[in-house]
Amino acid sequence: MKVFITLLSLSILVISCTKESEKLRAALQNNNTPITMSSPALKRGTFSPTAGIQVMGVAKIIQASGALQVQLDSFSVSSGPDLKVYLSQAATPGNHLNLGNLKSNSGTQSYNIPTGTNVSDYSFVLIHCQQYNHLFSYAKLQ
């Protein structure tokens, strides 16, 4: 009887592990976001706040799945309307590349850099409120 219970328990364990593996595999196949190990940064910089803004985190330029991306790591910034992520030649908006809306005020997030962009032309990542033309934060890339 003990042998039967042990075999039954092992069978249930194997079947449940297989089902979980199948669910994970299916989830990965349906997800358009590639899962990558931490890529080495081509450039990186720590965010600095402007007046009245709280920010922390690191901006990196990485290569992931054959494309260049700006990655915000351990990131947190004060809330604001219409926040954008810019790749910029200066610590202020002007000669910049708009990478899109800030996805979240905290956490790790990535933004694709358009193909053909010469990242050596850009030395800053900016968090900018486009609606009120207010710079929230910048990271100098080195």
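Predicted model only: the values in this text are computed from it and were never measured. (Residues numbered from 1 in each chain as written. Predicted model: local features only at pLDDT ≥ 70, side-chain atom pairs only at ≥ 80, totals over all residues. Heavy atoms only, no water.)

(A) Molecular detail of unusual backbone geometry. Although it is not a glycine, Ser74 sits at a positive phi angle of roughly 50°. In this structure, Ser74 sits in strand 3 (residues 67–77). The class for Ser74 is exposed, based on a relative accessible area of 55%. The phi angle at Asn133 is positive, at roughly 50°, despite the residue not being glycine. (Helix = DSSP H or I, 4+ residues; strand = E, 2+ residues; numbered from the N terminus. Buried < 20%, exposed > 50% of the residue type's maximum accessible area, 1.4 Å probe, protein only.)

(B) Examining the pattern of salt bridges more closely. Counted by the stated rule, this structure contains two salt bridges. A salt bridge links Asp73 to Lys60; the shortest N-O distance between them is 2.6 Å. One end of the pair, Asp73, is in strand 3; the other, Lys60, is in strand 2 (residues 55–64), and 13 residues separate them in sequence. Note on Asp73: relative accessible area 17%, which makes it buried. The class of Lys60 is buried, set by a relative accessible area of 9%. (Salt bridge = Lys/Arg side-chain N within 4 Å of Asp/Glu carboxyl O.)

(C) Highlighting the environment of Thr108. When you line up the elements, Thr108 lands in the loop between strand 5 (96–101) and strand 6 (109–112). Among all residues touching Thr108, those that are not within four sequence positions of it are Gln71, Leu72, Asp73 and Ser74. In terms of polar contacts, Thr108 uses its side chain to reach the side chain of Asp73, at 3.2 Å. (Contact = heavy atoms within 4.5 Å. Polar contact = N/O pair within 3.5 Å; in protein donor to acceptor, adjacent residues only side chain to side chain.)

(D) Examining the pairing of strand 3 more closely. Direction of pairing for strand 2 relative to strand 3: antiparallel, over a ladder of nine bridges. Its bridge partner lying in strand 3, Val55 is registered against Val77. The antiparallel hairpin formed by strand 2 and strand 3 contains two residues in its connecting segment, where Ser65 sits at a positive phi of about 55°. The pairing of strand 3 with strand 6 spans four bridges and is classified as antiparallel. Directly across from Leu72, in strand 6, lies its bridge partner Gln109. (Pairing = 2+ DSSP bridges.)

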